[in-house]
Amino acid sequence: MRNPRRVAIFLGGMSPEHDISVLSGLEVFKHMSRERWSPFLVRIGRDGTWQFSESADFSDESFSITEGLTGLLQRTPDVVFPLLHGAYGEDGRFQGLMDYLHLPYVGSECLTSALALNKARARDVLSHAGLRVPQGEELYSPNTVTIEVPCVIKPMHLGSSVGLRIAHTPHERTAALQHAFRHDHRVLVEAFIQGREFTAGVIDSLDGPPIALPIVEIRPKTSAFFDYHAKYTPDATDELCPAPIDNDLRLKLQAIGLEAHHALGCRHMSRTDIIVTPAGIPYVLETNTLPGMTSTSLLPQAAEAYGLGFSELLDHLLHLALGRSASES
Ligand SMILES: Nc1ncnc2c1ncn2[C@@H]1O[C@H](COP(=O)(O)OP(=O)(O)O)[C@@H](O)[C@H]1O
Ligand SMILES: [Mg+2]
């Protein structure tokens, strides 16, 4: 194989998380070691058109998907790094397309990606594996809700807290349901869990079992929960890494991260969101297969605390995607 290897970084995409994906993609592009990798960018527009660039600046030239696929193959990537969050990127559809093209890619495969992005199905698998999830119900229409307030109303297939609200009164619950159904045809309602919020990152190792990264505690400063503002506004949230918790709780949360990674069949990386009640009972909220990947995002922060800087984390993920032999060559 050539050195440096060609990496196709996909960013943007057709989901409401387009802008976040662009941030992740550009940061990955910027920090990727040019000694080992020769990256180029493929930006998918909100309308599904494709653009290519060898730098962070894009020309206006855009292509249909068929032209885009030809353009991708002509650039002969050795490996693909998808940073497309949400639908059409994180949900298995993109991964299936790469499988058809025989292109290795970073991150979970088709089935796991699809499973993890469906909040209800992921809960089924996680609870089947013995992990505790909040009481929940899946709704096809706003009128059938039975879970009492306070509760959390989530569009089934979205991330970044888009369309997600916490309801404290039945009136708020009705409004939140209407809001969520504007974003998705299915909605998950969960009992509201009061407690401290943590996230447990996991990365695969090249020749051993997956590694549980240091735990991060999430404390939004002004938002009532980890909403879109708290996630993406600089300084809106204190992210404490490693989390100030005792050893028992740290081990418990790391074990949950690993268990969720295994249960869903995650590959290369995952990040599991968890709330711990004042009595010390952990509830799993979800597992992200393609977490935010700016240098200050949660999984890169946790990797940094583990001793893997952002560029090294990218090296590691690309080596995982290429397989062990590639990393030794
Ligand atoms: N059952 C719950 N109880 C309390 N807070 C919750 C609950 N579910 C979600 N949240 C809050 O909403 C945020 C986003 O929910 P999550 O399920 O992780 O979806 P997303 O894919 O949007 O990140 C969480 O980080 C947490 O702050
Ligand atoms: Mg989350």
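The shown structure was predicted, so the numbers you read here are calculated from the model rather than taken from an experiment. (Residues numbered from 1 in each chain as written. Chains lettered and ligands numbered in written order. Predicted model: local features only at pLDDT ≥ 70, side-chain atom pairs only at ≥ 80, totals over all residues. Heavy atoms only, no water.)

S.K.: Can you help me understand the coordination of the magnesium ion (ligand 2) in this one?
M.R.: The expected angle between donors at a tetrahedral four-coordinate metal is 109.5 degrees. At an octahedral six-coordinate metal it is 90 or 180 degrees. Coordination sphere of the magnesium ion (ligand 2), protein contribution only: Asp273 (OD) and Glu286 (OE), at 2.0 to 2.1 Å. Separated by 13 residues along the polypeptide, Asp273 in strand S13 (residues 269-276) and Glu286 in strand S14 (residues 282-288) bring together distant segments of the chain. Of the two residues examined, Asp273 and Glu286, each falls in the buried class. (Donors = N, O, S within 2.8 Å, 3.2 Å for Na, K, Ca; no water. Helix = DSSP H or I, 4+ residues; strand = E, 2+ residues; numbered from the N terminus. Buried < 20%, exposed > 50% of the residue type's maximum accessible area, 1.4 Å probe, protein only.)

S.K.: Explain the pattern of salt bridges here, please?
M.R.: Two side chains bearing opposite charge may form a pair once their charged atoms approach each other closely. All told, the structure shown has 16 salt bridges when counted by the stated rule. Across the salt bridge formed by Arg121 and Asp124, the nearest N and O atoms sit 2.9 Å from each other. Pair noted here: Arg121 and Asp124 are both in helix H5 (residues 119-128), with a separation of three residues, about one helical turn. Given a relative accessible area of 40%, Asp124 falls into the partly exposed group. Close ionic contact of Arg121 with Glu138 constitutes a salt bridge, the shortest N to O distance being 3.0 Å. Here Glu138 lies in strand S5 (residues 136-139) and Arg121 lies in helix H5, a separation of 17 residues in the sequence. The partly exposed category is assigned to Arg121, whose relative accessible area is 32%. With a relative accessible area of 22%, Glu138 lands in the partly exposed category. (Salt bridge = Lys/Arg side-chain N within 4 Å of Asp/Glu carboxyl O.)

S.K.: I would appreciate a short explanation of helix H1 (residues 18-31) in the present structure.
M.R.: Three or four residues apart is the spacing at which side chains of an α-helix point the same way, because the helix has 3.6 residues per turn. Taking 1.5 Å of rise per residue, 14 residues should cover 20 Å, and H1 covers 20 Å from first to last C-alpha, within 8% of that figure. Residues His18, Ile20, Ser21, Val22, Ser24, Gly25, Val28 and Phe29 constitute the buried set of H1. For H1, the elements touching its buried residues are strand S1 (5-12), strand S2 (37-44), strand S4 (79-82), helix H7 (228-232) and helix H10 (310-322). (Expected span 1.5 Å × (residues − 1). Contact = heavy atoms within 4.5 Å.)

S.K.: Any chance you could explain the pairing of strand S6 (residues 151-155) here in plain terms?
M.R.: Every other side chain in a regular strand lies on the same face of the sheet, so the side chains alternate between the two faces. Among the five residues that make up S6, five are buried, leaving the element largely enclosed by the rest of the structure. Of the two faces of S6, the one holding Cys151, Ile153 and Pro155 and the one holding Val152 and Lys154 are both buried throughout. Bridge count between S6 and strand S7 (residues 165-167): three bridges; the pairing is antiparallel. Across the sheet, the residue bridging to Ile153 is Arg165, located in S7. The pairing of S6 with strand S8 (residues 187-191) spans five bridges and is antiparallel. When the bridges of S8 are listed, Cys151 appears paired with Ala191. (Pairing = 2+ DSSP bridges.)

S.K.: Looking at this structure, how should I read unusual backbone geometry?
M.R.: Backbone geometry follows two general trends: most residues other than glycine have a negative phi, and most peptide bonds adopt the trans configuration. The step from Val149 to Pro150 runs through a cis peptide bond, and the omega angle for that step is -5°. Looking at the element boundaries, Pro150 is found in the loop between S5 and S6. Between Cys241 and Pro242 the backbone carries a cis peptide bond, its omega angle lying at -5°. For Pro242, the location among the structural elements is in the loop between strand S12 (237-240) and helix H8 (247-264). Even without being glycine, Thr76 reaches a positive phi, approximately 40°. With respect to the helices and strands, the residue Thr76 is situated in the loop between helix H2 (65-74) and S4. Judged by relative accessible area, Thr76 falls into the partly exposed class, the value being 40%. Even without glycine at this site, His268 takes up a positive phi of about 75°. Relative accessible area serves as the criterion here: at 5%, His268 is assigned to the buried category.

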